[in-house]
Each structure stands twice: as C-alpha cells, then as structure tokens.
Amino acid sequence: PASPPAGSSDEAGLVAMPSDRQRVADAVAAATLAGQEASRALMVEPRPLEYLCNPSKQVPRRGELLYSLLSVALGYDPHGYSVPYGGYFAGDKDELFTQLCLQILGLLLLDPNDVYVSGTEAVVSRRPQEQRGSWSTGAWLSPRTHVFRKMLDGISSAQEVNFVVSGVVTLLGTVSEERGTYLPKSMKVPKFLSELLVLVFHLAACDSFVASACREDDIVDLATGVLHVAAEAPEHMHDDTITLLIWSIVLRLTSHRDACVAFLEDFDGDVPDDLPEVSGTFVDVVFVAALKQLGDYFLTAKCNQLHRSVLDSCLFCMINLSPFAEGISTETCHRFFALVERCGKSVQKRSSHKGAALLPYLLEILENSMQYQYTTNAHLAYGILARAGMLRALDKLITQVPQVAADDTRTPSPTAALAMSPSRPAAVPNGSGGVGNLSPRTEVSDMSTTPTSDETLTLWRRNVKVHLDPLMAMLEAALPQLEAAVEKKDCSSPDEAKELMPKSILGLMPPPPVFTTRSVASCEVTHRACEHCLVACLAHGPLADLWSGDADGEDQNDEVAQEERKKKIKSLAESAEKEEEASGGSPASFAPPPRGASSTLAAVGAAAAAVQVAVVAAAPAESAAHAAAEDDLTEDDYMEEEEEEEDLEGDELVDEPGGNERVRR
C-alpha cells in the first residue's frame, strides 16, 4: 500500500515522519537556541581574573605559576610507564592532577577584555609576499597586553619549546594510538583533551610553537590530533564549542607558510571517525573535514553565531591552503564542486541567500589553485571546464546586478572601501580590526544596514567578479582546445580527457594576484567557547564535589530544563514557519544576506545579566542553608566530636596552656 504523505498520520493513528521543511525548521530553531545559550556569560565576576593578568599589577610568582603548571601538564605520561595497559595500573591520581593543572592554565589564559572584540573584527589578514621578515603572530592575534599570554609567547629556547610541542603532540596522539593498537584497549585516552584544546588554541598564536612543530615534523600530527578531539568530546561538552576551538586552531596553523607546506606530505594516518576515508595529502583531509563542516552548518549559520564563526574558519583554512595545495584528489574535488554547485544554483534561482555569501570565497580558492598550482591540480582544472555552463550563467547573472553610480556621494565604511578596491585588501598586522571585510558574513552587508541596498549588491558583485573573471578567461581559452582534442582522439572517459588538457595556462589568465592569508584573533566568540569549555570541565572534573548538590534534585532540574528546551525549540520552529508562510515562501528580490550580528544578541545579553543576578542572589541563600544544616547536628554528633578532640589531646607531644580550648574551637 502507498505510504501516507510526509508530515501526516495514517488511519491507524501512527505518527508519520516529519516533512523536510519541518526538519529544517526544527534544526534552525534548535541552532538558534543553542546559539543563545553559547553566547551567554558564565563568569559572574571577571575582575579577579583581570587583576591576575594585568601586567601593571604587582602579583608575585606569576611566571613560576605558569611554568610549573605547564611542566606538570605537558610532562604527564599517558602511556603508563610505556607498557601496554600501564595507564590502567598507574591509577587516576596523576591524570586528575594533570587535568586540574590544565583547567587552571585555561583560566589564567582567559582575557575578559576579549568580549569587546566582535567576531567580525577578529578576522585579520596579511600578504606574505609583501610582508616578509616583519611578522609577529603573537602581536597579530593577541594585540592587548596579557601577562600570561605574553609569557607563553616568550618561551623561545629550543629545549623549552620542544618540550611543549612534544608534550602536546603526545597527549593528542593518544587517540590515534588507541585506535591503532593491536591489543584491545591497551591504550588509555586521557579525560582532559577538551582542556588541552584550550591550551593549544593559545599556543597556536605563538610563532615559536608553530615553528618548532614544523621544524620537528610534528605539525601534521598536531593538526591530526586536534581534529580527533571532536570524536572524544565528553557528554557534558557541547559539540559546537569543541568544533569552534578545533577550527580556530587549524586556521591559526594554516596562516603559517611552513605549516601549509608541511601539509603537502602524503597522509597515511588515522582519519577522524566523522570523516570518510581520504586518499592523498593532509591537505585533502583538511579540505574534506572543512567541506563536511560547511555542509552541516550551511542552514544554521545565519541564526547561530558559533556556526557562523566555524563557517568562516573552514573557508579561510581552505583559502590559506589553496596557493600551496598540490594534487588535490578526485574525491576531494567532487565534494568541493558539490558545494560550489549548491551555492551557484541557489544564486541563479534566487531562492536562497546563504550560497551568495560563500560564493566569493569558493571562487577565490579556485583562482588561487589555478594561478599557483595548475599543473598539479588536473582534477580541479577539469572540474572547472566541465562546469562551463554554470560559470557562464553565473557570469551573466553578475552583470545584471545593479551598480552604484561613480558620482555617488555616499562614503562607504573603511572596511567596505578596502573590499571594493581593485587590489586585494592589505593586512592589519596589529590586529586592531579594520579587516572585517574578509569575513563572509560582513563583506556583503558592511556598507549599509539595508540588505537590499545598491551598495550591498555592488559590493557582493565586485567580490564575485574579481575572482570569477580570471576563471572565465581560462575557461574561454582552454575549453575550445580541450573539446577539439577530445573530438580528435575520440575520448570516452574523463581520465582520458584530462590527459589532453593544456599543459600550462601561462598567458591564458591574468597575472597571479598577491594571495592573502587569514587568521582569527581572540574575540568574544572564542572567549565564550573557552569559558564554556572550562566551566563544563570544572563542573565534571576533579573539583566537581565542591559545588555538587543533591543528586535527585539535579536530575529533576535536568528534566525540567529538557522540557523547557523542547518547548522553546517548538515555539521557535512555529514562529519560523509563520514568517515563511507570511512571506510567501521565497524572497521577493535577490539580495545577498547580511551576515552581521544576530537580532537575538540583546535578548542574550539580558539573559546573561539575569543569570548573573540570580547567581549573586543565590549566594546568601546557600550560606543560610549551610548554617541551618550545622544547627541540625544532634547531641550525639557533638559527643562524638568531643571524644575525637580528647583523642587529639592525648596525641599532643607538648601540652600548651589553653591547648584543649584551642582544639575545641
């Protein structure tokens, strides 16, 4: 019998599966709620932390504290005396102590002032071809003075840096070793990989750390271990938080030329669980992981700030690697062009704004690969020629986008002026902002608050055209040659056709542009991710007993919270459906989306303030509860305490005057 329509119920009363539209609405509503929860502040009072990290304050022994914590945390041996199953016999004492040291390290490296830097301002760039020899990643990514970050960046001796790199790589490598061992469960994966990820995020901003990892051929193992942490995240950790930290680290690593070159080696390691089998270099692994993440967050990036930041980082990782990538595999090219077609079709049909924001950056990846690595990327070049129809239709559509008149008196913002200039945007090495135009969520919406304004459309058109024109020049010159050669040789397979492609495109494309390297500085989004990660780990780590309450009460609160969450998701989904029905289900005119701050930030700020007030108000009540609990002690309890005190008095070697009274007190 025919199945009932999707989203309906049959005569027997069985509930059918929800429709695709309903699933999308539920996913968007859940992402919106998760974004609101992830953006609220958890630290009620940041002033003690500000005092500790302020270099103008006289706080003794800060250097000894940082270096001692690093020595203990990174000197931990996860193998258990380097013998199989040794980690199980060594006990949990050392592991818990290491976890506690990493949690303290993460708290010390937090900077409450990061919340004043938006995710747009955190996107920074430079031109390596024009800025050789005058580059400091630490000043670039952490412009504000932070005493612990400055000391971390100041670790420069070869012995110390090698100790830090080897310690991090050893701890992160336990995941791959545990999966590759012949003896089942002979390797124990540490419980503190999430806390270690926060430390690596700050270490990735240090030149000496990345340079040492590249020099010792550990950079690929480091990046592989970082990608593996996503599959080992504990249950109390939100996936979005871990994902943001992972891709922020990978983005910081790919902003270094030496790291991009090291990623060109063939990869024969263990691929993360959430990825398919990848053949080729480690660049293919990063591309496949980034493309998967882009597909996962494609629909929810507009309503979730963390998803937008992850989307930015994934795109920028591929852009950083594209001038160096050699021999990208066929499987990777298929996945990449699937995303290009998805964005191109959404722009051509004018049915979605999401693809428009990604399109300029996908075209930039193609342009960099063709300009700098054409001879080694035959699969990528053939994919461009095979999609000539889509690119021509896109080029025709671009010419129809309205342009601002040349005599327009309106003055664009500084970032928009940089984006509209014919040359590539210059770098801002001091990390003070000014390069927000490099973010997909702002390049199409920075000039005006009105999404459908002529300035917005013109800015988006120029960003697309600057990367599409060189590809169209190659297409028009190389495609006729390929078609003639295929017809002459009577080729019937793509592999045979690839052998007939032009051996070089010199003279067929404009001169190669100066490529731009992007990275991300510490900002509000990364601060909240580190804060939520550390608070969750503290609440479920070695010090969890310090603030754990009644287990039954906690279970009931969790159930109530889950019910409230479901109600919120349902309400958000229903409101989204009503808005879509009211708008007719499709936009009236084509307009690239404004990818700026979400309209829910005000509500999130109010929620965060309410949480702070509630926590502060709960402190006296908690103290009163403790006092009431002490008053409930029975007379027998006091008698037992007095007997224990008498035993202590008998053990005193010297009976001092008034000693008994002191013990009782």
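Rules used throughout
Residues numbered from 1 in each chain as written. Predicted model: local features only at pLDDT ≥ 70, side-chain atom pairs only at ≥ 80, totals over all residues. Heavy atoms only, no water. Helix = DSSP H or I, 4+ residues; strand = E, 2+ residues; numbered from the N terminus. Buried < 20%, exposed > 50% of the residue type's maximum accessible area, 1.4 Å probe, protein only. Contact = heavy atoms within 4.5 Å. Areas by Shrake-Rupley, 256 points an atom, 1.4 Å probe, with all protein chains shown as cover. Pairing = 2+ DSSP bridges. Salt bridge = Lys/Arg side-chain N within 4 Å of Asp/Glu carboxyl O. Core = buried A, V, L, I, M, F, W, Y, C linked by side-chain atoms within 4.5 Å. Phe/Tyr/Trp six-rings, centres within 6.5 Å; stacked < 30°, edge-to-face > 60°. Lys NZ or Arg CZ within 6 Å of the ring centre and 35° of its normal.

A. Quick peek at the overall build of the chain. Helix and strand content of the chain: 29 helices and two strands. Buried positions account for 46% of the 665 residues belonging to the chain. When contacts within the chain are restricted to residue pairs at least 6 apart in sequence, long-range pairs at least 24 apart make up 81% of them. Carbon and sulfur atoms make up 53% of the accessible area of the chain, which totals about 32600 Å².

B. Quick look at the pairing of strand E1 (residues 123–126). Side chains Val 123 and Ser 125 of E1 all project onto a buried face; the interleaved residues Val 124 and Arg 126 project onto the opposite face, where all are buried too. In the sheet, E1 pairs with strand E2 (residues 517–520) via four bridges, with the strands oriented antiparallel. For Val 123, the partnering residue across the bridge sits in E2 and is Val 520.

C. Fine view of the pattern of salt bridges. Summed over the entire model, instances satisfying the criterion amount to 10 salt bridges. The salt bridge partner of Arg 61 is Glu 64, with a shortest N-O separation of 3.5 Å. Classification of Arg 61 as exposed rests on a relative accessible area of 61%. Judged by its relative accessible area of 43%, Glu 64 is partly exposed.

D. Main features of the nonpolar core. With 147 residues, the main nonpolar core has Ile 219, Leu 222, Trp 247 and Met 370 as its most contacted residues. Broken down by element, this core gets its largest block of residues, 11 residues, from helix H16 (residues 282–297). In contact with Trp 247, other than residues within four places in its own chain, are Leu 227, Val 286, Ala 289, Ala 290, Gln 293, Val 310, Ser 313, Cys 314 and Cys 317.

E. Main features of the packing of aromatic side chains. Scanning the entire structure with this criterion turns up seven aromatic pairs. The interplanar angle of 75° and the centroid separation of 5.7 Å between the aromatic rings of Tyr 76 and Phe 192 together place this pair among those described as edge-to-face. Of the two residues, Tyr 76 sits in the loop between helix H3 (62–74) and helix H4 (86–89) while Phe 192 sits in the loop between helix H10 (174–180) and helix H11 (193–203), which places them 116 residues apart along the sequence. Here Tyr 76 matches Phe 192 in class, with each residue buried. For the pair Phe 324 and Phe 515, a centre-to-centre distance of 5.8 Å together with 80° between the ring planes defines the contact as edge-to-face. Taken together, the residues Phe 324 in the loop between helix H17 (305–321) and helix H18 (330–349) and Phe 515 in the loop between helix H24 (494–498) and E2 connect sequence positions 191 residues apart. The structure contains a cluster of three or more aromatic residues connected by ring pairs, namely Phe 263, Phe 267 and Phe 282. The ring centre of Phe 201 lies 4.0 Å from the NZ or CZ of Arg 252, which sits over that ring. For Arg 342, the ring lying beneath its charged end belongs to Phe 298, and the centroid distance is 4.1 Å.

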